[in-house]
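Inside the fold
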Amino acid sequence: MLDLFADTPPWQEPLAPGAVILRRRALADMDSLMAGIRDVSAQSPFRRMITPGGYTMSVAMTNCGNVGWTTDRHGYLYAGIDPQTQKPWPDMPEVFLVLAQVCALEAGYVDFRPDACLVNRYAPGAKLSLHQDKDEQTLSAPIVSVSLGLPAVFQFGGLKRNDPLQRVLLEHGDVVVWGGESRLFYHGIQPLKEGQHPVTGAFRYNLTFRHT
Ligand code: SIN
Ligand code: FE2
């Protein structure tokens, strides 16, 4: 039967085994999410990290939670202290935590307890090359990723770097959850197009929740 309400937000789109897009799922929390980003970045400012290979990343990043994803000369790691401020990362705002847990549950992952939230800020031209999220010890927990502001093309592949890629546009309020069979699938963000968004201005933000 034709479902006339299938495109009333939020709605779900399967992406891969274990992976789903919860379209517009974060829209209702947008004001408090933006306030959370402001609060977190006032304590641990956005910075462009340097990869172990010496490249400055185009995406500006910060973190909240018990640990934060960062780089040093030797590699990528989760650290309890922000290397820039030499203080613990800001607490994860309650609204972040609850949204991540509810989204994980809706995607079929019970009892998700993220201890890290990476906050990404994309300016026009910023991109994230294909990578796997594999710096976490708990691969049984999914990744929950929340998009805010300007749209971006998300690439989602497979376990091998050269597996075919799906390309999906992630828009304001979209949430992607991947785990299980697709937990280690390669993914990335194509260079952000210029634009102006009523909520985020010239930027796209992304919150990525992990249980490390
Ligand atoms: C990530 O892979 O950590 C972020 C993906 C995104 O910005 O949507
Ligand atoms: Fe990632």
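Below: a short report on this structure. Here the structure is a predicted model, which is why all the values come from computation and not from measurement.

Structural notes on the nonpolar core
- Of all hydrophobic cores here, the largest spans 30 residues; its most connected members are L207 and F209.
- Apart from residues no more than four positions distant in its own chain, L207 is found in contact with L33, I37, F96, C117, L118, V119, V144, S145, V146 and L148.
- With 28 residues, the next largest nonpolar core counts A16, A19, A116 and A126 among its residues.

Examining the pairing of strand β4 (residues 68–71)
- With burial as the criterion, each face of β4 is covered, one bearing G68 and T70 and the other bearing W69 and T71.
- Hairpin connection between β4 and strand β5 (residues 76–79): a loop of 4 residues separates the two successive antiparallel strands.

Details of the sheet that holds strand β8 (residues 143–149)
- Strand order across the open sheet formed by 7 strands is β1-β2-β11-β8-β13-β6-β3, with antiparallel pairing between neighbours. In this open sheet, the two strands that pair with only one neighbour each are β1 (11–16) and β3 (60–65). Each adjacent strand pair in this sheet contributes to an overall mean axis angle of 20°, direction not counted.
- When strand β6 (residues 116–122) meets strand β13 (residues 204–210), the two strands line up antiparallel, connected through 7 bridges. The partner of N120 across the bridge, within β13, is N206.
- Relative to the sheet, helix α2 (residues 94–106) contacts β1, β2 (19–23), β3, β6, β8, β11 (175–178) and β13, its axis offset from that of β8 by approximately 120°.

As for the layout of surface pockets
- Size it by volume and the largest pocket reaches roughly 710 Å³.
- Lining the largest pocket are 33 residues, and of these M57, W69, L128, S129 and H131 sit closest to its centre.
- Those elements that place two or more of their residues in the lining of the largest pocket are β6, β7 (128–131), β12 (187–189) and β13.
- In the lining of the largest pocket, the residues fall into 13 nonpolar, 12 polar and 8 charged.

Section: the sheet that holds β7
- Pairing in this open sheet of 4 strands is antiparallel, and the strands run β7-β12-β9-β10 from one edge to the other. Each edge of the open sheet is held by one strand with a lone partner, namely β7 and β10 (166–170). Averaged over all pairs of adjacent strands, the angle between their axes in this sheet comes to 20°, without regard to strand direction.
- Relative to β10, strand β9 (residues 152–156) runs antiparallel, the two being bridged by 5 bridges.

Rules used in this analysis
Residues numbered from 1 in each chain as written. Chains lettered and ligands numbered in written order. Predicted model: local features only at pLDDT ≥ 70, side-chain atom pairs only at ≥ 80, totals over all residues. Heavy atoms only, no water. Core = buried A, V, L, I, M, F, W, Y, C linked by side-chain atoms within 4.5 Å. Buried < 20%, exposed > 50% of the residue type's maximum accessible area, 1.4 Å probe, protein only. Contact = heavy atoms within 4.5 Å. Helix = DSSP H or I, 4+ residues; strand = E, 2+ residues; numbered from the N terminus. Pairing = 2+ DSSP bridges. Axes fitted to C-alpha atoms, helices over the stretch in contact; angles between N-to-C directions. 1 Å grid on protein atoms, 1.4 Å probe; cavity = no way out; pocket = protein on both sides within 12 Å on 5 of 7 lines; lining within 4 Å. Points joined across faces, edges and corners; volume = space filled by probe spheres on them. Nonpolar A, V, L, I, M, F, W, Y, C, P; charged D, E, K, R; others polar.

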